[in-house]
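Chain and residue survey
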Amino acid sequence: MTKTPAALLALLLLLTGCAAGAPAASPASAAAPQIIVEQPWVRTTEGATNAAMSAAFMSLANPGDADVTLVKASSDVAGMTQIHEMVGGGDGMVMQEAKAGAVVPAGSHLHLKPGGYHIMLMMLKRPLAIGEEVTITLTFSTGQTATVTAPVKKFTEEEDHYHSPTPTPSASNG
């Protein structure tokens, strides 16, 4: 009778993946690491040259071992939402839609910021006042979605340099 409990224990360990040499499986380890969203904010339309659009900025951290791409963003305050990037053109830096999205490197981060990648909120349904909050849903290549609440803030560099065709020192990612 002493062999029966040992045999049952060995069978239980084998079935649960805890036997020597077998990796333990758990739902947490099987899932891809989640992108961490930090310091989101949206530019106010107060005093803006074009009050029909604004932009959202934030930091995205990827604790995983594989690159993850921000592929889509949406917000109920905008008729159209796109991921934009700044690229060199014949007249300096120009803004364009990042049709392939924005890569958040493995084990690193991506700053969505003026002069770099950012989320354009276009065809705004209403003005965005300082102090209110905007909800934005982000979709990543892993299938993860993140709903972010971003405060509306004054853009202290009101030249709108992330829309300007002239290069700026902050035009790089990182």
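In the block above lies the structure referred to throughout.
Calculation rules
Residues numbered from 1 in each chain as written. Predicted model: local features only at pLDDT ≥ 70, side-chain atom pairs only at ≥ 80, totals over all residues. Heavy atoms only, no water. Buried < 20%, exposed > 50% of the residue type's maximum accessible area, 1.4 Å probe, protein only. Helix = DSSP H or I, 4+ residues; strand = E, 2+ residues; numbered from the N terminus. Pairing = 2+ DSSP bridges. Salt bridge = Lys/Arg side-chain N within 4 Å of Asp/Glu carboxyl O. Phe/Tyr/Trp six-rings, centres within 6.5 Å; stacked < 30°, edge-to-face > 60°. Core = buried A, V, L, I, M, F, W, Y, C linked by side-chain atoms within 4.5 Å. Contact = heavy atoms within 4.5 Å. Polar contact = N/O pair within 3.5 Å; in protein donor to acceptor, adjacent residues only side chain to side chain.

**Notes on the pairing of strand β8 (residues 118-124)**
The buried fraction of β8 amounts to six of the seven residues, a majority that puts the element mostly inside the structure. The pairing of strand β4 (residues 78-89) with β8 spans six bridges and is classified as antiparallel. Along β8, the bridge assignment pairs Met-80 with Met-122.

**So, the pattern of salt bridges**
Here the structure, examined in full by the defined rule, presents one salt bridge. Here Glu-132 ties to Arg-126 by a salt bridge, and the two come within 2.4 Å at their closest N and O atoms.

**Considerations on the packing of aromatic side chains**
Within a pair of aromatic rings, the relevant descriptors are the distance that separates the centres and the angle that separates the planes. What the rule picks out here adds up to one aromatic pair. Between Trp-41 and Phe-57 the ring centres are 4.7 Å apart and the planes differ by 40°, which places this aromatic pair in the tilted class. Placement of Trp-41 in strand β1 (residues 36-43) and of Phe-57 in strand β2 (residues 53-62) is noted, with a sequence separation of 16 residues between them. Phe-57 matches Trp-41 in its accessibility class, with the two residues each being buried.

**Some remarks on the nonpolar core**
Core analysis: the largest hydrophobic core is formed by 29 residues, its most contacted members being Val-42, Leu-60, Leu-70, Leu-112, Ile-119, Leu-138 and Phe-140. Apart from residues lying up to four places away in sequence, Phe-140 is in contact with Ile-35, Leu-60, Val-68, Thr-69, Leu-70, Val-71 and Ala-146. The next biggest cluster of nonpolar side chains, apart from the first, holds six residues, and it includes Trp-41, Met-120, Met-122 and Phe-155.

**A word on the environment of Gln-96**
Along the chain, Gln-96 turns up in strand β5 (residues 92-97). Residues Gln-96 and Met-86 lie 10 residues apart in sequence; the distance between their C-alpha atoms is 6.4 Å. Dropping the residues within four chain positions of it, Gln-96 is found in contact with Ile-83, His-84, Glu-85 and Val-87.

**Regarding the environment of Pro-63**
Take Pro-63: it is sitting in the loop between β2 and β3 (68-75). Through-space distance from the C-alpha of Pro-63 to that of Gln-34 is 7.5 Å; in sequence the pair is 29 residues apart. Once residues within four sequence positions are removed from consideration, Pro-63 is found in contact with Pro-33, Gln-34 and Ile-36.

**Focus on the environment of Tyr-117**
By secondary structure assignment, the location of Tyr-117 is in the loop between β7 (108-112) and β8. On the basis of relative accessibility, which here comes to 15%, the residue Tyr-117 falls in the buried class. Taking C-alpha positions, Tyr-117 is 9.1 Å from Met-95, a pair spaced 22 residues apart along the chain. Looking at Tyr-117, its side chain comes within polar contact range of the side chain of Glu-85, at 3.4 Å.

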